[in-house]
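# Observations on the three-dimensional arrangement
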Amino acid sequence: MRRLTLFILVAGVLVACFDDAPIAPPEDRSTTEPEPPVEPDFLNTLNRSLLAVKAPVRMAPTPSGQLLVADYHQGAILRVDPNTLQPDRGFRIDGKPSAVALMGDRIFVANVTSNTVDVFGSNGQWRYSFAPEAVERPTDLVVDPVHRLVLAVSGGTNVVKAFDVSGEVQFVIRDLWKPTGVAVDGSRQEILVSDYGEAAHGERASVRIFDYDGNPIATILGHAGMANSRFSRPQGLAVDGTGRIYLVDALSAEVVVLDRETGATVNTIGIFGPDPGQLLLPLDIVIGQTGDVYVTSYKTRRIERFIGVVAQ
Amino acid sequence: MKRLAAIGLTAVGSTLALVMVHTYSATGLGASPMFMLIAQHDPCSNCHSVHTAPGQSLTNEVVREVLCQTCHSVAGGDIPAEVHNNKTGSSYAAFSITCTDCHEPHDYQDNANSNPNLKLVRANIATPSSGTKGVVFESRGTGASEPAALSFADGDGTWDGVCEVCHTQTLFHKNDGTGAAHNAGDTCVDCHAHDNYFHGDGSCQGCHDQTQGGRREIVSEFSRSSHHLQNTLDDADCEVCHDQSQHQQGSVRLKNVDGGATVVLTGDPNTTPSEAAKLTPFCLACHDSGGTGPAQPFTDNWTPPTIDSTSWDAASHNTGSRSCYGDGTSGCHASGHGSEKQKLLAPGGVAPTAPANAEEEEGFCLTCHDSDGPASTDLSTAYSQPINWVQTATGLNSNPNLNDRHDIEYAAQQRSGALIECTNCHNPHTATAAQPYILDPDPSDGRTPGTGQVFAGTDTYSEFCMDCHDGSFPAGVQDHTSPQITDIRTTWSSDGMGARTGSSVDLRAGIGWAIGDIMPCWSCHTPHPTLDKDIGAAPGTPTLFAVIDTVLSKSGTYLPFEKTQGQTTTTIWAYGITDNLAKNDVTSGGYWCNTCHDRTSMTGKENCYGCHRHGDGGRF
């Protein structure tokens, strides 16, 4: 009986969340000229002889096409060569990172240990951090250089928070069950959030799409399990220039390519497995400059590259 | 039987089971509206598929822990977790305890108290070596809302904590009750985090930032004045040196990065020379010029300074049981972690005395190089004498920065502004009796001094001295502020020390030197203070300009000076220069110069240095 009571309480809280205003956008959030991108040029401060990808979570591309990878167990940000897929340098953070993003000459890092966002210069030197507990168990981080926003998934509170670069909260997206990943479609001016849903409530996994006032625009539903080639553990996601969404599904260990307009699955990339070229607990995706797709494979401790799968 | 097991594992029942695992108990649900809600939503398919499941038990994942981590990863929707394994270099054979070894995702069992365990922890765990054991896990620990009883390891005399039921080899909380005093009642995962494979606090620093049994606190040693590792300490750095394969088993095991035998310390190297002696090959494995070990072993990517092991084998300092490591006499370097002195010198925990810092640099060397050894060369006695500065207002020698020695001491450096240390001329790792000096103090000048301490008219060491006395200095050496020292090298070949020609110098017979000879620096000077033996000054007064107390002949022997007083000729050996301000034969160089020069040419000019010196257009 004790657990049933707890369930009812949880359900009540969830209902209460829906009763809240889902989004509180700021009054004025006009676009600005984006900061010119700066290629990170930090010195390696990790043991060079032990330099390797060990626990890759989220990634971000640099202006030159390198990959910055948040390596959770190493507590470090690695720079990975897009061809060799090996790191050539890295710098440590004070905690464990789950995600990394770049804007101008800043490197934003979601710090799971301190539950905040740390900001480093392009030289890898710490500059400042957002307020303590700015986020709770952050699972993803993305930047919107046009609006100069940093969007972070607060996994512990099941919201997505939009900050300005100084860490001031601009608005919060609350209409979510268990958000994991976030992306920005600059051409459509949309924010995409992957959401595990809540099985106990019959809420399926989904990709939720919001406008910049935080209003929900569309939802692409996944599946509770593996059936129907849909997704059930949606993780990192990216968009290309043709209206397609590339969504990593951790359970099926593939990238599901979704049509933005219809929500239909139009393709899948990658297969499950422990071998090179295969994925085991994939968590994030980056679309490279030449149409290649890079995927973090957490359990195999690799970055996998799928060449030319995105039409340019 | 009020729980799911009583309901029966029907299709509907198993569907319920999964939901209950992650939300609430099945108790009393059978006919409730919630029951129908759950069954309708089919949450079983979160983990199972009837027709397409690739894994055992119709699970949606081949690797069971991956299935769990699709939700319980750092980027997943729930609390992140990793399986339980051991660290690289652990003393135990590699193992991996997967999720379902400890957790029952369907949560249908009550524990021995007829209560459910927290976090889906199994009521009975099949342990690796102790059979199946009951587990009681109803609270987290000693937090305000976490009573200690029935927690991870509550020290209540029954060893049924979720961690302690398995452990038989750890130091603490074994399933036989030993070691239970370690943080009993606390939350194990506060330090041994689930998302860090249950490794202790995630770092060596987590434990060694305080004393651990008989082990001293370590972490702060890396913040001392000198220390290994120039950036933030990392576990990987610790494991460069420390073999953890027998961690917590009574010995410190150190790796030989070149692949040599592991060094096992069974005693304290600070107090036991035989233990300290074990460390030399360990140190040299990194500090050699080759080997198979990494060139930059630590995360700071610094290249260790090279100490050639062959040279060290023959070095004068490598005698007896002396090791790299010791208390300052049995060995020079303290803990490899850090020292309050420079260059990890011993003793590491004792800061030098500000501002003199005398026990660093010369002070450290002179600790052994004193009258009672153990070094055979006593330099301390001379250096302990008050510095004898050149006096002012003496014409060509009016340089108050000059004295009787190289300015290795703090007091001398404070007055002159110069900076030079023992190690600018000596390498303690290579110095031998035959070759006590480094080969080339200033490699940047492109000139290489000769080798070998030969003194037979062959100028082998002047170039060594000229590496600094040419007016340009190697790194670490600094000139006087003002006036600066003379560039002797430029004028040396013409000022009389080098091939001075002429007939007015009136050289005595029997000294070996002749007009046209080039006199090496060491025919007149010594780098360390020389004590005037007896005449003309207070006993023990160091001679100015670091001249030796009598001149060397061309063959390298000390020349006696025959002093005639009245009708008596006396052979004496010592007339140093102790006062350049005075005008007399005894203290200002008259006799000293006249060791070679016939005094008949110098009548009335007792103070030679009133007119002559290096670098003055050949007037020396």
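Computed from a predicted structure; not experimentally measured.

### Things to note about the overall build of chain A
Broken down by element type, chain A carries one helix and 23 strands. Looking at the 312 residues of chain A, the share that counts as buried comes to 48%. Taking contacts inside chain A between residues at least 6 apart in sequence as the whole, the part at least 24 apart equals 44%.

### Description of the overall build of chain B
When its secondary structure is counted, chain B shows 17 helices and 12 strands. Expressed as a percentage of its 620 residues, the buried residues of chain B come to 35%. In chain B, 47% of the contacts between residues at least 6 apart in sequence involve partners at least 24 apart.

### A look at helix α4 (residues 64-72) of chain B
The element α4(B) is largely enclosed, with a buried count of seven among its nine residues. Buried residues belonging to α4(B) abut α5 (99-102) of chain B.

### With respect to the sheet that holds strand β2 (residues 67-71) of chain A
Residue and element names in this part refer to chain A. Strand order in this open sheet of four strands is β1-β2-β3-β4, and the pairing throughout is antiparallel. Looking at which strands have only one partner, the edges of the open sheet turn out to be β1 (56-61) and β4 (87-92). Sheet twist, expressed as the mean angle between neighbouring strand axes with direction ignored, is 25°. Where β2 and strand β3 (residues 76-80) come together, five bridges link them in antiparallel fashion. Bridged to Leu 67 within β3 is Val 80.

### Topic: the sheet that holds strand β5 (residues 97-103) of chain A
All names here are of chain A. The antiparallel open sheet is built from four strands, whose spatial order is β5-β6-β7-β8. A strand with exactly one partner marks an edge of an open sheet, and here the two such strands are β5 and β8 (126-129). Across the sheet, the axes of successive neighbouring strands diverge by a mean angle of 25°, strand direction being ignored. As paired strands, strand β7 (residues 116-121) and β8 are joined by three bridges and run antiparallel to one another.

### Notes on the confidence of the model for chain B
Residues and elements named next belong to chain B. Mean pLDDT over chain B stands at 77; residues scoring 70 or higher make up 78%. Low confidence marks residues 495-500, where pLDDT is under 50. Its contacts with residues over four positions away, or in another chain, come to 19 contacts. Across the assembled chains, the prediction reports ipTM 0.87 with pTM 0.65.

### A word on unusual backbone geometry
In this chain, B:Ala346 is followed by B:Pro347 through a cis amide linkage whose omega measures -10°. Among the structural elements, B:Pro347 can be located in the loop between β10 (338-339) and α12 (362-368). With omega at 15°, the peptide bond leading from B:Gly373 into B:Pro374 counts as cis. Tracing the chain through its elements places B:Pro374 in the loop between α12 and α13 (380-383). Phi is positive for A:Arg137, close to 45°, though the residue is something other than glycine. Take A:Arg137: it is sitting in the loop between β8 and β9 (138-144). With 19 C-beta atoms counted inside 10 Å, the residue A:Arg137 sits in the partly exposed group. At B:Ala546, a position not held by glycine, the phi torsion is positive, near 55°. The residue B:Ala546 is located in the loop between α16 (488-492) and β11 (561-565) in this model.

### Let's talk about the pairing of strand β19 (residues 254-259) of chain A
Residues and elements named next belong to chain A. Across six bridges, strand β18 (residues 244-249) lies against β19 in antiparallel orientation. When the sheet's bridge partners are listed, Ile 245 is paired in β19 with Leu 258. Between β18 and β19, which follow one another and run antiparallel, lie four residues, and Ala 253 among them has a positive phi close to 55°. Between β19 and strand β20 (residues 265-269), which pair antiparallel and follow one another directly, the connecting turn spans five residues, one of which, Gly 263, has a positive phi of 80°.

### Points about the pairing of β9(A)
All names here are of chain A. Judged by how many residues are buried, β9 sits mostly within the fold: seven of seven residues are covered. In terms of strand pairing, β9 meets strand β10 (residues 149-154) through six bridges, oriented antiparallel. Paired with Asp 144 across the bridge in β10 is Leu 149.

### Here's the deal with the confidence of the model for chain A
Looking at chain A as a whole, its pLDDT mean stands at 87, while 86% of the residues score no less than 70. Within the model, the stretch residues 1-28 of chain A combines pLDDT values under 50 with 33 contacts to residues more than four positions away or in other chains.

### Some remarks on the environment of B:Asp517
Residues and elements named next belong to chain B. Checked against the element boundaries, Asp 517 lands in the loop between α16 and β11. A residue is classified by how many C-beta atoms lie within 10 Å of it, and Asp 517, with 17 of them, is partly exposed. Separated by 37 residues in sequence, Asp 517 and Lys 554 have C-alpha atoms that sit 9.2 Å apart.

### Quick look at the environment of B:His426
Residue and element names in this part refer to chain B. Relative to the helices and strands, His 426 is located in the loop between α14 (410-416) and α15 (462-466). On the neighbour-count criterion, His 426 (15 C-beta atoms within 10 Å) is partly exposed. Residues His 426 and Tyr 437, 11 residues apart in the sequence, show an inter-C-alpha distance of 4.7 Å.

### Some remarks on the environment of B:His227
Residues and elements named next belong to chain B. Looking at where His 227 falls in the secondary structure, it is placed in strand β5 (residues 226-227). C-beta crowding within 10 Å serves as the criterion here: with 18 such atoms nearby, His 227 is assigned to the partly exposed category. For the pair His 227 and Leu 344, spaced 117 residues apart in sequence, the C-alpha to C-alpha distance is 6.3 Å. Setting aside chain neighbours within four positions, we find His 227 in contact with Glu 221, Phe 222, His 337 and Gly 338.

The rules we used
- Residues numbered from 1 in each chain as written.
- Chains lettered and ligands numbered in written order.
- Predicted model: local features only at pLDDT ≥ 70, side-chain atom pairs only at ≥ 80, totals over all residues.
- Helix = DSSP H or I, 4+ residues; strand = E, 2+ residues; numbered from the N terminus.
- Buried ≥ 20, exposed ≤ 12 C-beta atoms within 10 Å, placed from the backbone.
- Contact = placed C-beta atoms within 7 Å.
- Pairing = 2+ DSSP bridges.
- Axes fitted to C-alpha atoms, helices over the stretch in contact; angles between N-to-C directions.
- pLDDT = per-residue confidence, 0-100.

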